[in-house]
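# Report on the structure
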Amino acid sequence: MTKRLTERSLKATVLALALGLSAQAAANMYRYTDENGQVVISNTIPQEATKRGYDILGNNGRVIETIPPAPTEEEIAAREAEKQRQKALAEQREQDRLLLKRFSHPDQAVKAMYRKIRELEGLIQLKRGNISVISSQLDAEQSRAADLERAGRDIPEATLEKIRRLEAQIRDIEREIAAQTQEIEALRDAFEADIERLEEITEQARTLPLDPEEAIE
C-alpha cells in the first residue's frame, strides 16, 4: 500500500512539474518590431518578424532571451570574405614555415636556383650533342640516297626507313629541349617568388644576382 502511494506521489509530482513548465512556456511572450517599426508584444510572432530579431519575455515581463536579427546578405558576404582571408593567411603562414625550413637567407635560395638551372642546362647541352651526332648520321644517309638517285638507282627501303627514324629522333630530342627550356623558365619564376618572399619574412636582402651568368662574371 505504501509503495503504491509513493509511486502515485512521484507521478503526481512529475505531472505537476510538467504542467508548471508548460504553463511557464505558455506564459512566455514575444517582443518584436513589426514592418512599420512599431514594438509589438504578443504570445505569437510572425515568421517575417523573426528575421529582424526579437525578445522572449517571461511571465513577469522580463527579457529571458534575446534572439539577434538574421544576418543580411552583405553581412554574410563579409563573413565569408573574412573566413577566406583567414584561410589564406593560414595557408601563407604554412608556406612561409616550409620555405624557412629550406632556406634561412635569400642567398641560399639564389644558389639553389643556380644549381637547378645549371643541371637542366647541362641536360639540354647533352641533348644538343646527341642531335649533332644524329644529324651527322642523317646527312650521311641522305647523301647516300642522293648518290643513288643521281645514278638512276632505286633507294632501298631500309635506307629510307633509317632516314625517317633519324629525323624522328631529332624531332623528339628537340621537343625535349623545348620542354626543359620551359621548365627552366618556370623554375626561375618559382625561385624568384620564393626569394622575394624570403626577403620579406627574414627582412634580409639578397646579395647575389638572379641571373647565374652575372654571378659567373
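See above for the structure.
Residues numbered from 1 in each chain as written. Predicted model: local features only at pLDDT ≥ 70, side-chain atom pairs only at ≥ 80, totals over all residues. Heavy atoms only, no water.

### Remarks on the sheet that holds strand β4 (residues 63-67)
The strand order across the open sheet built from 4 strands is β2-β1-β3-β4, with neighbouring strands paired in antiparallel fashion. With partners counted over all chains shown, the strands left at the sheet margins are β2 (39-42) and β4, one partner each. The sheet shows a mean angle of 20° between the axes of neighbouring strands, direction not considered. Here strand β3 (residues 54-57) pairs with β4 via 4 bridges, running antiparallel. By the bridge assignment, Tyr-54 is partnered in β4 with Ile-67. (Pairing = 2+ DSSP bridges. Helix = DSSP H or I, 4+ residues; strand = E, 2+ residues; numbered from the N terminus. Axes fitted to C-alpha atoms, helices over the stretch in contact; angles between N-to-C directions.)

### A short note on the packing of aromatic side chains
Counted by the stated rule, this structure contains 2 aromatic pairs. Summarising the aromatic geometry, the rings of Tyr-30 and Tyr-54 are spaced 6.0 Å apart at their centres and angled 70° between planes, so their arrangement reads as edge-to-face. Placement of Tyr-30 in strand β1 (residues 29-33) and of Tyr-54 in strand β3 is noted, with a sequence separation of 24 residues between them. Seen in terms of ring centroids, Phe-103 and Phe-191 are 6.4 Å apart; in terms of plane orientation they differ by 55°. Their pairing is tilted. (Phe/Tyr/Trp six-rings, centres within 6.5 Å; stacked < 30°, edge-to-face > 60°.)

### Some thoughts on a negative patch on the surface
Together, Glu-121, Asp-211, Glu-213 and Glu-214 make up a region of like negative charge exposed at the surface. For Glu-213, the position within the fold is in helix α6 (residues 212-216). (Patch = residues over 30% accessible without salt bridge, like charges linked within 9 Å, V, L, I, M, F, W, Y side chains within 5 Å. Areas by Shrake-Rupley, 256 points an atom, 1.4 Å probe, with all protein chains shown as cover. Salt bridge = Lys/Arg side-chain N within 4 Å of Asp/Glu carboxyl O. Lys, Arg positive; Asp, Glu negative; His and termini not counted. Charge placed at Lys NZ, Arg CZ, Asp CG, Glu CD.)

### Focus on the pairing of β1
Sheet topology note: the β1/β3 ladder contains 4 bridges and is antiparallel. Counterpart to Tyr-32 in the pairing with β3 is Tyr-54. Inspection of the sheet shows β1 paired to β2 by 4 bridges, in the antiparallel sense. In the sheet register, Tyr-30 faces β2, and the bridge partner there is Ser-42. Counted between consecutive antiparallel strands, the loop separating β1 from β2 contains 5 residues, among which Gly-37 sits at a positive phi close to 85°.

### Looking at helix α5 (residues 157-202)
End to end, α5 covers 66 Å across 46 residues, agreeing with the expected 68 Å (1.5 Å per residue, within 8%). Two residues or fewer past α5, Glu-203 is found with a positive phi of approximately 60°. (Expected span 1.5 Å × (residues − 1).)

### A few points about the pattern of salt bridges
All told, the structure shown has 14 salt bridges when counted by the stated rule. Between Glu-94 and Arg-97 there is a salt bridge whose closest N-O contact spans 2.7 Å. Pair noted here: Glu-94 and Arg-97 are both in helix α3 (residues 73-102), with a separation of 3 residues, about one helical turn. Judged by relative accessible area, which is 35%, Glu-94 ranks as partly exposed. Linking Arg-164 and Glu-157 is a salt bridge whose minimum nitrogen-to-oxygen distance equals 2.6 Å. Among the ionic contacts, a cluster of salt bridges with common partners joins Asp-96, Arg-197 and Glu-200. (Buried < 20%, exposed > 50% of the residue type's maximum accessible area, 1.4 Å probe, protein only.)

### Topic: unusual backbone geometry
Although it is not a glycine, Glu-203 sits at a positive phi angle of roughly 60°. Its location among the elements puts Glu-203 in the loop between α5 and α6. Looking at Glu-203, the relative accessible area reads 72%, which means it is exposed.

### What about the environment of Ile-117?
In this structure, Ile-117 sits in helix α4 (residues 106-150). Residue Ile-117 is classed as buried on the basis of its relative accessible area, which comes to 0%. With 70 residues separating them in the primary sequence, Ile-117 and Leu-187 have C-alpha atoms 7.8 Å apart.

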